[in-house]
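# Survey of secondary and tertiary structure
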Amino acid sequence: MIDAKTQLAKLLATEDITVRHSQSAKTASFDVKSRVLTLPNWITNYSDILDMMTGHEVGHALWTKMEDWERALTELNLHQGITNIVEDARIEKKIKRKYPGLVKQFHTGYKALERKNFFYKSSEELDSCNMLDRINLHCKMGPLRAIPFSKEESFYVNQVEMVETWDDVERVTLMLMEYMKEKGQEQKSALEHSNDMDGGTGDS
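Below: a short report on this structure. Counting of residues starts from 1 at the beginning of each chain's written sequence and follows it residue by residue. For a predicted model such as this one, the threshold for reporting local features is a pLDDT of at least 70, and the threshold for listing and counting side-chain atom pairs is 80 or more; totals across whole chains, interfaces and linings nevertheless cover every residue. Side-chain numbers here rest on the full set of heavy atoms in the structure, without hydrogens or water.

## A look at the overall build of the protein
Rule in force here: Strands are runs of DSSP state E lasting at least two residues, helices are runs of H or I lasting at least four, and both sets are numbered from the N terminus onward. A simple rule labels every residue: compare its accessible area, found with a 1.4 Å probe on the protein chains alone, to the largest value its type can have, and call it buried under 20%, exposed over 50%, or partly exposed in between. By definition in these notes, contact holds between two residues if any of their heavy atoms fall within 4.5 Å. Working definition of accessibility: Shrake-Rupley area with a 1.4 Å probe, residue cover restricted to the visible protein chains.
Along its length, the protein carries 9 helices and 3 strands. Starting at the N terminus and walking to the C terminus, you meet the elements of the protein as α-β-β-β-α-α-α-α-α-α-α-α. Buried positions account for 52% of the 204 residues belonging to the protein. Pairs at least 24 residues apart make up 64% of the contacts formed inside the protein by residues separated by at least 6 positions. Carbon and sulfur atoms make up 50% of the accessible area of the protein, which amounts to about 9,700 Å² in all.

## What to know about the layout of surface pockets
Any empty space left between the atoms is revealed when a probe the size of a water molecule rolls over them. Going by this rule: Cavities and pockets were defined on a 1 Å grid built from protein atoms only: a cavity is a group of points that admits a 1.4 Å probe but offers it no way out, a pocket is an open group of points flanked by protein on both sides within 12 Å along at least five of seven lines, and a lining residue is one with an atom within 4 Å of any such point. Grid points are joined across faces, edges and corners, and a volume is the space filled by probe spheres set on the points. Basically, the charged four are Asp, Glu, Lys and Arg, the nonpolar ten are Ala, Val, Leu, Ile, Met, Phe, Trp, Tyr, Cys and Pro, and anything else, Gly included, counts as polar.
What the largest pocket holds in volume is close to 340 Å³. It is helix H4 (residues 80-98) that provides the largest number of residues to the lining of the largest pocket, a total of 6 residues. Of the residues that constitute the lining of the largest pocket, the class distribution is 9 nonpolar, 3 polar and 7 charged.

## A look at the nonpolar core
To keep things clear, this is the line we draw: Working definition of a nonpolar core: buried Ala, Val, Leu, Ile, Met, Phe, Trp, Tyr and Cys residues. They are joined through side-chain atoms within 4.5 Å.
Counting 34 residues, the largest nonpolar core has Leu 37, Leu 39, Met 53, Val 58, Leu 113 and Phe 119 as the members making the most contacts within it. When residues of this core are traced back to their parent elements, those giving at least two are helix H1 (2-13), strand S3 (36-40), helix H2 (47-63), H4, helix H5 (103-115) and helix H7 (131-141). Looking at which element gives the most residues to this core, the answer is H2, with 8 residues. Beyond its immediate sequence surroundings of up to four residues, Val 58 is in contact with Ala 9, Leu 12, Ala 13, Leu 37 and Ile 95. By size, the runner-up hydrophobic cluster in this structure holds 21 residues, among which are Val 86, Leu 132, Ile 135 and Trp 166.

## Some words on the pattern of salt bridges
This is how the line gets drawn: Salt bridges are defined as contacts in which a side-chain nitrogen from Lys or Arg sits within 4 Å of a carboxyl oxygen from Asp or Glu.
The tally for this structure, following the rule as stated, stands at 10 salt bridges. Here Glu 170 ties to Arg 71 by a salt bridge, and the two come within 2.8 Å at their closest N and O atoms. On the criterion of sequence distance, the pair formed by Glu 170 in helix H9 (residues 166-182) and Arg 71 in helix H3 (residues 66-75) is long-range, its members being 99 residues apart. Judged by relative accessible area, Glu 170 falls into the buried class, the value being 11%. Where salt bridges share partners, they join Lys 93, Arg 97 and Glu 164 into one cluster.

## Examining the sheet that holds strand S2 (residues 29-31)
Where we set the bar: The rule for pairing is simple: two strands pair if DSSP sees at least two bridges between them. Between N-to-C directions, angles span 0 to 180 degrees; the directions come from axes that are lines fitted to C-alpha atoms, helices contributing only their stretch in contact.
What the 3 strands build is an open sheet, ordered S1-S3-S2; its pairing is mixed. The open sheet has two edge strands, strand S1 (18-22) and S2, and neither has a second partner. Strand-to-strand twist across the sheet, computed as the mean angle between neighbouring axes with direction ignored, equals 20 degrees.

See the structure below:
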């Protein structure tokens, strides 16, 4: 199955990317500079999770550009974690549009990860998450998961959901940074794996 999934990733990415299966990787990642897609060995027995993670990282291969990423972090001083969350929402939306057959795999894959306590271990832990983590989970798992948001927070959820271009990513990331600073909230993930599948730097 590994060889077949490797070829699938190359076909979806429409380029000859390198696909690496790692014993030590905790989750999937894509290095936008070296063009290496890393998949953890533990998911090879979970077809939907493997397809979902492959689709996610191929989204980065297709639409996350190294020059954009470097400019955002070094010139614009955007927060890396928040940029990851917004870009993840954008590329997942785009990959599901390009390959509608992956929609089911994304849904079932994320549900399987939730059952494995990949993102959080209890509803109490989820309830204590900051807005960034809840937006991240909402965009990954869909509205049927009913992640709670206040009326004020819902505005920012909608902004993330509407992102289409990299310029949108930068604009909405800055909005989120300003909001979190205004509210005195930490601009980092409180969930162990909620922002692991970032693909931006290849260090997941």
